Amino acid sequence: MTTGVLPFRPSERIRMLLPVPPSARAAEPAIPITCVQGLGRGAGVAVEGDFAGFHPLELDGGVPFAWTDGHGTVVCRAARTVTLRHVWIVVHATAPHGASVEVKVDGGPPRHLARVRGRRTVRINLGQRVRSTEIRLELTSPTFVPADAGLTDSRCLGVAIERIILGRSVAACAAAAWADALRRFDRSRSGRGA
Amino acid sequence: MKLAWYTPYALPSAVGRYSALVVAELARQGIDVVVVRSEVPTADLLRAGAHPAPGPVCWAADGGACAEAADLVVHNIGDHHGNHFHSFDGLRRRPGIVVLHDVSLHGALLGLASAGGAAAPDYETVLRAECGDGALRRYRALREALPRAWWYDAVADHPVLRFALRDALGIVTHSRYAAGIVAPRVAAPLTTIPLAYDGPQLTLPPPRLATPLRLLTVGNVNPNKRVGDVVAALAGDAVLAARCDYRVVGAIEDAVRAEIVAHSAAAGLVVTVTGPVDAAALAAELAAADVVICLRRPSLEGASASVIEGMLSGRPVIVSDTGCFAEIPGALVAKVAPGREVTDLRRALHAILAAPDGARARGAAARAWALEHHAPAAYARRFLDFCTTVRDAAGLLHTVDRITERLAGWGVAPDGAFAERIDSVLAGLFGARRAA
């Protein structure tokens, strides 16, 4: 059996070259992955995110995720000041041999984390409660190119991120993650997808 | 094959020095190479002199006549619009291979935008198109209040490349770090070849590594070279302050110079800032140095000529563990973690003082590695292999660009299954057959 290997992905080049009207660009989804909040009952805060260094959103069995290009930056913004202490990053996938993910929070020193392989939740304790309207996360990891293994995907990939969970406590993050999982389960049962 | 090599070629230019080494080696390997100078010619540039070339040299500003018969054009592109002006401009008119020297082209983009003219890009439009609304908001928030925070730090989070590289037939980077930034942003054949470079003087006596220990940083001294961190490391450590002196050699902004001088004088340190020097003076600085320090945060280069010069000098070298520097084997250089420059630097310097023989051996090993890893002959061979890849991919590239024109006419974007179908069909038509 043989496969055709290309030096770049044609559809990516087409997207790169296509002239996109400014109005269409503005309408592009700004949030390729979901920020989930565990900021306490009644917080009523809409958490939104800015993303840089991510490939477009993909679906895996209805679960949305996005690959970083090796240097992904996420800025989660709240509509008003919130207090948080824990950040959970749900890694959806990594290179087959795993990846070392380094996370910087608000431009601080890098937090060297354990090696991640496959789906796993990276839990970060900020050490002290932070009151802010936004938190900036920088995710750095080695990259791999699936085309090097004979696949047609010639993108340079870091790690795939599924969810960012922000919370005041471990229990709040766990509750938010659990509620999020239940919502997704309900949606998948009702056939609406994620 | 006849190559037209667009490049800055003035003597002070590191890209010019790299180009001179490579075109000489390509000529030795039987390639007919003409050098086309890409700079905007100025009186200073003409006074500076030029590197020697194995064949004709002409100026793109004068029409680049010597390049007309070339089979393939090569454009060296970096973050300086004046040095690379006619490559940014010429790539649209005559696509070719791009050798990318920096992973941040914000300075060049701003320069091109400021130069004006009908084809001049608009900085904010390009930033938004390539990096999104978040990057544009951040730029607007910083540009007046904290311009240095944008131009020397935040730009690293928002690389702009497509405006310059969209017409490239193929792209050469000099590190896997740079390739990792380019690959998701520009879809074209891409390869990584370690930068070909040599030092101003290849053979130096071993370093003394005795008190006073002379530390040296070379190159254009921008804030991301962390010279202030070196001063802080010495100032806060009585042993290092007493046993080290520090020399900063290269072009430097007045504000950075004033900051360094004031800080070091207050701490009673011996710190010398020379400003720009010629090759002979640089060789003398390297000969007199005991330790070469190459820090970066953030890392904005695709490769570093100064770290190669440092390794070729045989001196122990201290680098930041980031960007292209992280790819140097850890056994050959001492590495400091970004964000921990001061403490890690102190640790590295104390280690050199405590075990000079080990540091000397490490410097010698780094020199041997750099001589092989950055050799022009190997670079030229790999570059010619990539020319073959680019030639083989020309049909695919042309077909994809024709499909794009058609889709643009229809107002259709290839999403989801449509994109997969295009990739699959073109892989069947053009893909290299490889056993699965």
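None of these values were measured; they are calculated from a predicted model.

1. With respect to the overall build of chain A
Each helix and strand counted, chain A has three helices and nine strands in total. Taken from N to C terminus, the helices and strands of chain A fall in the order β-α-α-β-β-β-β-β-β-β-β-α. Counting all 194 residues of chain A, 38% fall into the buried class. For chain A, long-range pairs separated by at least 24 residues make up 70% of all intrachain contacts whose partners lie at least 6 apart in sequence.

2. Comments concerning the domain arrangement of chain B
Residues and elements named next belong to chain B. If you check the domain split of chain B, you get domain 1 (2–192) and domain 2 (213–374). Just the C-alpha atoms count here: the centres of domain 1 and domain 2 sit 27 Å apart. Contacts between the two partners involve 18 residues from domain 1 and, on the opposite side, 14 residues from domain 2. Among the secondary structure elements, those contributing two or more residues to the side of domain 1 that touches domain 2 are helix 1 (14–28) and helix 9 (176–182). Ranked by residue count, the leading element in the side of domain 1 that touches domain 2 is helix 9, at three residues. For the side of domain 1 that touches domain 2, the class distribution of residues is nine nonpolar, five polar and four charged.

3. Describing the pairing of strand 8 (residues 213–218) of chain B
All names here are of chain B. Along strand 8, six of the six residues are buried, which leaves the element largely enclosed by surrounding structure. Of the two faces of strand 8, the one holding Leu213, Leu215 and Thr217 and the one holding Arg214, Leu216 and Val218 are both buried throughout. Here strand 8 pairs with strand 9 (residues 244–249) via six bridges, running parallel. Paired with leucine 215 across the strands is tyrosine 246, a residue of strand 9. Looking at chain direction, strand 8 and strand 11 (residues 291–294) are connected through two bridges and run parallel. Following the sheet pairing, leucine 216 is matched in strand 11 by valine 292.

4. A short note on helix 3 (residues 81–93) of chain B
All names here are of chain B. The terminal C-alpha atoms of helix 3, which comprises 13 residues, lie 17 Å apart, in line with the 18 Å expected from a rise of 1.5 Å per residue. Regarding helix 3, the residues found buried are His81, Asn83, His84, Phe85, His86, Ser87, Phe88, Gly90 and Leu91. Here the buried face of helix 3 lies against strand 1 (2–7), strand 4 (72–77), strand 5 (97–100), helix 4 (106–115) and helix 8 (162–165).

5. Details of the sheet that holds strand 6 (residues 170–173) of chain B
Residue and element names in this part refer to chain B. Strand order in the open sheet made by the seven strands is 3-2-1-4-5-6-7, with parallel pairing throughout. Among the strands making up the open sheet, the edge pair consists of strand 3 (57–59) and strand 7 (190–192). Strand-to-strand, the axes of this sheet are offset by a mean angle of 25 degrees, without reference to chain direction. Where strand 2 (residues 32–37) meets strand 3, three bridges bridge the pair, whose relative direction is parallel. In the strand pairing of strand 3, arginine 37 is matched with tryptophan 59. The sheet contacts of helix 3 involve strand 1, strand 4 and strand 5, and relative to strand 4 the element is tilted by about 130 degrees.

6. Considerations on the interface of chain A and chain B
It is common to give the size of an interface as the accessible area that goes away when the parts come together. Between chain A and chain B, the contact holds 35 residues from the first and 45 residues from the second. Listed by contribution, the elements that provide at least two residues to the side of chain A that touches chain B are strand 1 (2–5), helix 1 (10–17), strand 3 (48–54) and strand 5 (63–93) of chain A. Here the side of chain A that touches chain B gets eight residues from one element, more than from any other, and that element is helix 1 of chain A. Across the side of chain A that touches chain B, the residue classes tally to 17 nonpolar, ten polar and eight charged.

7. What about the nonpolar core?
Ranked by internal contacts, the top residues of the largest apolar core, which has 171 residues, are Ala4, Trp5, Ile171, Val182 and Ile318 of chain B. When residues in this core are grouped by element, the largest group, 14 residues, is from strand 5 of chain A. In this structure, valine 182 of chain B is in contact with Leu100, Leu161, Ile171, Thr173 and Leu190 of chain B, ignoring residues within four places of it in sequence.

8. A few points about the sheet that holds strand 10 (residues 271–275) of chain B
Residues and elements named next belong to chain B. The sheet built from six strands is open, its strands ordered 10-9-8-11-12-13 with parallel pairing. The open sheet terminates on both sides in strands that have one partner only, identified here as strand 10 and strand 13 (334–336). The sheet shows a mean angle of 20 degrees between the axes of neighbouring strands, taken without regard to direction. Examined bridge by bridge, strand 12 (residues 317–320) and strand 13 share three bridges and lie parallel to one another. What sits directly across from isoleucine 318, in strand 13, is alanine 334. Of the strands in this sheet, strand 8, strand 9, strand 10 and strand 11 are in contact with helix 10 (residues 227–235), which crosses strand 9 at around 170 degrees.

9. What to know about the environment of tryptophan 178 of chain A
In this structure, tryptophan 178 of chain A sits in helix 3 (residues 170–189). With 11 C-beta atoms counted inside 10 Å, the residue tryptophan 178 of chain A sits in the exposed group.

10. Describing the environment of histidine 158 of chain B
With respect to the helices and strands, histidine 158 of chain B occurs in the loop between helix 7 (147–151) and helix 8. Between the alpha carbons of histidine 158 of chain B and glutamate 130 of chain B there is a distance of 8.2 Å; along the sequence they are 28 residues apart. Other than its neighbours up to four places away in sequence, histidine 158 of chain B contacts Ala52 of chain A together with Leu127, Cys131 and Ala135 of chain B.

11. Observations concerning the environment of glycine 358 of chain B
If you trace the backbone, glycine 358 of chain B turns up in helix 16 (residues 356–373). Glycine 358 of chain B sits 42 residues away from proline 316 of chain B along the chain, and the two C-alpha atoms are 9.5 Å apart.

The rules we used
- Residues numbered from 1 in each chain as written.
- Chains lettered and ligands numbered in written order.
- Predicted model: local features only at pLDDT ≥ 70, side-chain atom pairs only at ≥ 80, totals over all residues.
- Helix = DSSP H or I, 4+ residues; strand = E, 2+ residues; numbered from the N terminus.
- Buried ≥ 20, exposed ≤ 12 C-beta atoms within 10 Å, placed from the backbone.
- Contact = placed C-beta atoms within 7 Å.
- Domains from an automatic or database assignment.
- Nonpolar A, V, L, I, M, F, W, Y, C, P; charged D, E, K, R; others polar.
- Pairing = 2+ DSSP bridges.
- Expected span 1.5 Å × (residues − 1).
- Axes fitted to C-alpha atoms, helices over the stretch in contact; angles between N-to-C directions.
- Core = buried A, V, L, I, M, F, W, Y, C linked by C-beta atoms within 7 Å.

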